[in-house]
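So the chains spell out like this:
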Amino acid sequence: MKGIIAFLAVSMTASYALADTGSAPITGNVQSRCIITTDTVGVYGNPNAYTLTTSASDGGVLPVIRFDVTLADAYYAQVTTPTEFTSSPSLSDTVSWTGTTEVKAVSDATNMGDYETNKTTFGSTTQYDLTATGSTWFKSTSVATYGGNKAFPGGAYSATVEAKCIAQ
Amino acid sequence: MLKKLLPLVVWVFSASYSYSDSISPYFGITGNAAIGSHQWIMNNVLPEPPGVDVNGVFYSYTPQKVTEDDFKVTVGNEGVWSDTEDWSGNPGGIEVRKVIGLPSVPKEAWGDGYISTEGTGTVEDATVVYSYKVTPCFDPQFDPNCPGYQVPVPPTVEVTIDFYDATKDENVNLSAADSVLVEENEEQLEKEKEEEEKEAEEKLRKYRLEKAMAAIDASALLAENQRIQQMNNIMQSAVDSQYLTATIPGGTYKETVVLVDNKIDDNKNGRRNGLAQQLLHNQMVDMQYNN
C-alpha cells in the first residue's frame, strides 16, 4: 500500500475591468499552511489465502501519515482507507474492505490530545479537526478479504490511503 | 520511528556537519538518555571532550491512562528547560513527539534530566535525545592547530642535594688542631663571601652611576642641539627679513627671430679658415718630400 501525499494548494486570481478606462490585473497566491507527508509506507501481510491486512501481528506494516499545520482552527484532516486495489491481478470475485484510522502521535499533547476523541467517521473516511498548530501522525489499518473466502490470485497488490487537508 | 526522526533532528539543529578537520566544530546527538530510568545525569549522557554545547532536545513517550483521569507529564533538565504536557481528559496510548530548540547551552550548565508525572497514569517508551555541538578548540591546548595554542613547557624539577659535612657529623671526633683549622676555614669562607658581595654591590653601584651619567649627558646634548637650532632659526629669520616679497611675472616668451628667405648661407670666415688649414696641411705634407 502506498500512502499518498495530498497537497492542497489554493490559488486565486482576480481580474477587474472597466470599459473605456483600462484595466489593472491583480494576482495573488495563498500558500497552504497544511503539509501532508508519508511517514511510513504500509505493507500488506497475508496471514491466510483470502486476507490481506496491514496488521503487524499478521506480518503487515501500518501506513503512517503526518500532517504539519502552521495555522490553528483552519483545516480538517481527512484520511480515507482504501476500498479498492490500485493494482492487482485480475479478480473474479468481490473484495470486502475494512479500515480504521487513529491518531498515532502528536507534537502537542495538551492541545492535540483530544483529536482522537473528537474525530468523526463517515464511510471509510475519518475526519479530524486540526485545532492546534504542530504535527500529527495518523496510522491506518486496512483489511481486504476476498469474496467467499476464496484464495487471492498470486501477484502484487497495492492500494492507497488518501489524505487530504481541507480548509474549514 | 525514532531512527527516522533523528536525521531530521540533526538537520534542524545543525547548519553544517563536518568531521573533515579535527579542530573544526562538529555536531552530534546522544543516545536515549531515558532508556533505563526517568532520571539521568548529563555527564553520563553527553560526550566527554570540553567545549560541548547542547542546542536542542527531542523527546517522545506514550502515556498510559484512563481518559477521565488527570495526568501531567513534565520532561526537562534542572535549571535549563522543562516542558509539561497535560493529558487530563485525553485518552492514553497516543505518543507525543517534541523537538525543543535551545540556544547553545554549555555542558557544565546542564543539571540532571528527568521525566516526572503528576496524577494517575504511567509513561512508557520514553526517549530523550540531545543534540549538541563540540568545539574542540574550546581548549586551545587540544590541538597544536588551535588558535592560541602554546607549546607546553615541561615542569621544572627541583633537586635538593644534601652535602655531607664531616665537621657536623657528631660521630666524627676532631682533634683540637683540626677543630681550629675548620673554624678558621669557615671564617675565611665567610670573609670571602662578604667580599664578593661587597664587590658585586660596588659593581652594581658603578653601573647605576654610569647609567645616570649617560642619561645626564644625553639630556645635555639634546639641550645643546636645541640651543643651536634656535640660534640658526634666529639668524635665518634675520636674513629672511632683508628680502622683499616680489612676484615674478609669468607667461610665455615666444620666438621673435624670423628666417626671411628660408635658407642659411655658409659662414665665409669659416670657409676661409678651413681653406687656410687645408693649405697649411698640404705644405706640411710637401715638406716631407721636398727635403
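The model shown is predicted, which means the values in this text are computed figures rather than measured ones.

Parameters and conventions
- Residues numbered from 1 in each chain as written.
- Chains lettered and ligands numbered in written order.
- Predicted model: local features only at pLDDT ≥ 70, side-chain atom pairs only at ≥ 80, totals over all residues.
- Helix = DSSP H or I, 4+ residues; strand = E, 2+ residues; numbered from the N terminus.
- Buried ≥ 20, exposed ≤ 12 C-beta atoms within 10 Å, placed from the backbone.
- Contact = placed C-beta atoms within 7 Å.
- Pairing = 2+ DSSP bridges.
- pLDDT = per-residue confidence, 0-100.
- Expected span 1.5 Å × (residues − 1).
- Core = buried A, V, L, I, M, F, W, Y, C linked by C-beta atoms within 7 Å.

Of the regular secondary structure elements, chain A holds one helix and 15 strands. By the burial criterion, 31% of the 168 residues in chain A qualify as buried. Intrachain contacts of chain A at a sequence separation of at least 6 include 73% that bridge at least 24 residues.

Broken down by element type, chain B carries three helices and eight strands. Beginning at the N terminus, the succession of helices and strands in chain B can be written as α-β-β-β-β-β-β-β-β-α-α. The long-range share in chain B, meaning contacts at least 24 apart out of those at least 6 apart in sequence, stands at 72%.

Moving on to the environment of B:D53. Residues and elements named next belong to chain B. Secondary-structure assignment places D53 in strand β3 (residues 52-64). Each C-alpha atom, one on D53 and one on P106, is 4.3 Å from the other, the two residues being 53 residues apart in sequence. With near-sequence residues (within four places) excluded, D53 lies in contact with S104, V105, P106, Y132 and K133.

Taken together, the contact pairs eleven residues of chain A with ten residues of chain B. Looking at the side of chain A that touches chain B, the element that brings in the most residues is strand β11 (residues 95-106) of chain A, giving four residues. Judged from the two bridges that link them, β11(A) and strand β6 (residues 95-106) of chain B form a sheet pairing that is parallel. The partner of A:V106 across the bridge, within β6(B), is B:V96.

Once that is clear, we can look at the confidence of the model for chain B. Residues and elements named next belong to chain B. When the pLDDT values of chain B are averaged, the result is 84; 92% of them are 70 or greater. Mean pLDDT values over the elements of chain B span from 48, in helix α1 (residues 2-13), up to 93, in strand β7 (residues 113-119). Segment residues 8-20: pLDDT under 50, and 21 contacts once partners within four positions in sequence are set aside and those in other chains are kept. Both scores are given for the predicted complex: the pTM is 0.58, the ipTM 0.70.

Taking 1.5 Å of rise per residue, 23 residues should cover 33 Å, and helix α3 (residues 268-290) of chain B covers 32 Å from first to last C-alpha, within 8% of that figure. Counting buried positions over the 23 residues of α3(B) gives zero, only a small fraction of the element.

Turning to the nonpolar core, a few remarks are in order. Ranked by size, the top nonpolar core spans 44 residues in total, and within it A:I65, A:F67, A:A77, A:V106, B:V128 and B:Y130 carry the most contacts. A per-element tally of this core places β3(B) first, with six residues. Counting residues in each nonpolar core, the second largest holds six residues, with A:Y44, A:V143, A:Y146 and A:F152 among its members.

A positive phi angle, near 55 degrees, is found at A:D73, a position not held by glycine. In this fold, A:D73 is placed in the loop between β9 (64-69) and β10 (75-80). The backbone of B:D125 sits at a positive phi, close to 55 degrees, despite the residue not being glycine. Following the sequence through the fold, B:D125 ends up in strand β8 (residues 122-134).

Turning next to the sheet that holds strand β2 (residues 39-40) of chain B. Residues and elements named next belong to chain B. Read across the open sheet, the four strands follow the order β2-β7-β4-β5; overall the sheet is antiparallel. The sheet terminates laterally at β2 and β5 (81-86), the two strands that pair on one side only. When strand β4 (residues 71-77) meets β7, the two strands line up antiparallel, connected through seven bridges. Across the sheet, the residue bridging to N77 is G113, located in β7.

All right, on to the environment of A:S135 then. Counting through the fold element by element, A:S135 comes out in strand β14 (residues 134-146). Apart from residues no more than four positions distant in its own chain, A:S135 is found in contact with A:R66, A:F67, A:D68 and A:S107.

This part takes up the confidence of the model for chain A. With 89% of its residues at a pLDDT of at least 70, chain A reaches an overall mean of 86. Of the regions scoring below 50 in pLDDT, residues 1-18 of chain A engages in 52 contacts with residues more than four places distant in sequence or in other chains.

Below, the discussion takes up the pairing of β7(B). Relative to β7(B), β2(B) runs antiparallel, the two sharing two bridges. Counted as the bridge partner of B:W40 is B:G113 from β7(B).

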